[in-house]
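Read off the chains here:
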Amino acid sequence: MKFILGSGSPRRRDLLAQIGVVPDDILPPDIDEDPARGELPRPYCQRLAREKAAAVAAGPDDIVLCADTTVALGRRILGKPADAIEAESFLRALSGRRHRVITAVAVRRGDRLWQRDVVSAVKMKRLSDQEIVAYVASGDWQGKAGGYGIQGMAGAFIPWIEGSFTGIVGLPLAETAGLLQAAGYPVYGESA
Ligand SMILES: Cc1cn([C@H]2C[C@H](O)[C@@H](COP(=O)(O)OP(=O)(O)OP(=O)(O)O)O2)c(=O)[nH]c1=O
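An unreviewed UniProt entry lists the chain under the name dTTP/UTP pyrophosphatase, from Pseudodonghicola xiamenensis. As its UniProt record puts it under Function (unreviewed entry), the chain is described as follows: "Nucleoside triphosphate pyrophosphatase that hydrolyzes dTTP and UTP. May have a dual role in cell division arrest and in preventing the incorporation of modified nucleotides into cellular nucleic acids."

In structure tokens form, the structure reads like this:
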């Protein structure tokens, strides 16, 4: 049995390391992340995690872990900004409002699949032009859903959350540990 992290996200690798889980291999999945017409954020996020897990090549006894993090502003899905202009428009849309951050996790072993998703509520303070300009210039929005990372400079923009901090950063650890154990991975050193 090999444990494969199906993710190119350094956050997910670091979060797993936080609980002592080190992948034998890292294989980032390559899938189309465009939402379907009218698709709502939560089903979209669940679908992406599932499709990522299906897209990673693995042996029948290997355990593959994939995840997707989606920022939802009402029914609107905010993905990873394509450029600085889009990052700025996302921040202006989120400024002074509450939104949800959904992370869906999928663990696959052979043709068995275990899935969980965690929805967190996040309040962003009203941002000044200066804050937005400085944040966009920092480049910290790159590769992050909604165009911000709570674990970085944007932590100063977020006075309140309800849910899972690790879920917002990209991998909800409590749920992830449970899924790995269900699939037979010895998270706490127990034999598989
Ligand atoms: C909201 C938020 C998202 N993010 C990140 C987590 C995810 O890496 C990213 C959302 O993109 P994802 O598509 O979930 O993941 P990814 O493209 O980084 O990696 P892969 O598909 O290979 O697993 O946004 C933060 O780091 N901090 C935050 O506060």
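**Student:** Sorry if this is basic, but what is going on with the layout of surface pockets here?
**Tutor:** Rolled over the atoms, a probe with the dimensions of a water molecule shows which regions are left empty. Taken as a whole, the largest pocket spans an internal volume of roughly 610 Å³. As for the largest pocket, its lining consists of 36 residues, of which R12, T69, K80, G143 and A145 are closest to the centre. Only α1 (10–18), α2 (41–55), β3 (63–73), β4 (76–78) and α5 (165–169) provide two or more residues apiece to the lining of the largest pocket. In terms of residue count, β3 provides more of the lining of the largest pocket than any other element does, five residues in total. When grouped by side-chain class, the residues that make up the lining of the largest pocket number 17 nonpolar, eleven polar and eight charged.

**Student:** I'm lost on the packing of helix α3 (residues 84–94) against helix α4 (residues 129–138) in this one. Help?
**Tutor:** Any two packed helices are characterised by the angle at which their axes cross and by the distance between the axes. Closest axis-to-axis distance for the α3/α4 pair is 10 Å, and the angle between their directions is 145°. Handedness of the α3/α4 crossing: right-handed. For the pair α3 and α4, the contacting residues are A84, E88, L91 and R92 in the first and D129, I132, Y135 and V136 in the second. Looking at the contact of α3 with α4, its residues break down into five nonpolar, no polar and three charged.

**Student:** How should I be thinking about the site of the ligand in this particular structure?
**Tutor:** Looking at the ligand, there are 22 residues lining it, with S7, G8, R12, K52 and K80 nearest. In this structure, an oxygen atom belonging to the ligand sits 3.1 Å away from a side-chain N or O atom of S9. Within the contact set of the ligand, an oxygen atom lies 3.0 Å away from a backbone nitrogen or oxygen of A145. Calculation on the ligand without its partners gives an accessible area of 600 Å², and the protein chains cover 94% of this total. Taking a 2 Å distance to the grid points as the criterion, the majority of the atoms of the ligand fall inside the largest pocket. Going through the elements one at a time, α1, β3 and α5 are the ones with two or more residues in the shell around the ligand. Among the elements that line the shell around the ligand, the one with the most residues is β3, at four residues. Split by residue class, the shell around the ligand holds eight nonpolar, seven polar and seven charged.

Rules behind the numbers
- Residues numbered from 1 in each chain as written.
- Predicted model: local features only at pLDDT ≥ 70, side-chain atom pairs only at ≥ 80, totals over all residues.
- Heavy atoms only, no water.
- UniProt positions renumbered as here; feature names shortened; annotations may be inferred.
- 1 Å grid on protein atoms, 1.4 Å probe; cavity = no way out; pocket = protein on both sides within 12 Å on 5 of 7 lines; lining within 4 Å.
- Points joined across faces, edges and corners; volume = space filled by probe spheres on them.
- Helix = DSSP H or I, 4+ residues; strand = E, 2+ residues; numbered from the N terminus.
- Nonpolar A, V, L, I, M, F, W, Y, C, P; charged D, E, K, R; others polar.
- Axes fitted to C-alpha atoms, helices over the stretch in contact; angles between N-to-C directions.
- Left-handed = near helix turned anticlockwise from the far one by under 90°.
- Contact = heavy atoms within 4.5 Å.
- Near = heavy atom within 4 Å.
- Polar contact = N/O pair within 3.5 Å; in protein donor to acceptor, adjacent residues only side chain to side chain.
- Areas by Shrake-Rupley, 256 points an atom, 1.4 Å probe, with all protein chains shown as cover.
- Sits in = over half its atoms within 2 Å of the grid points.

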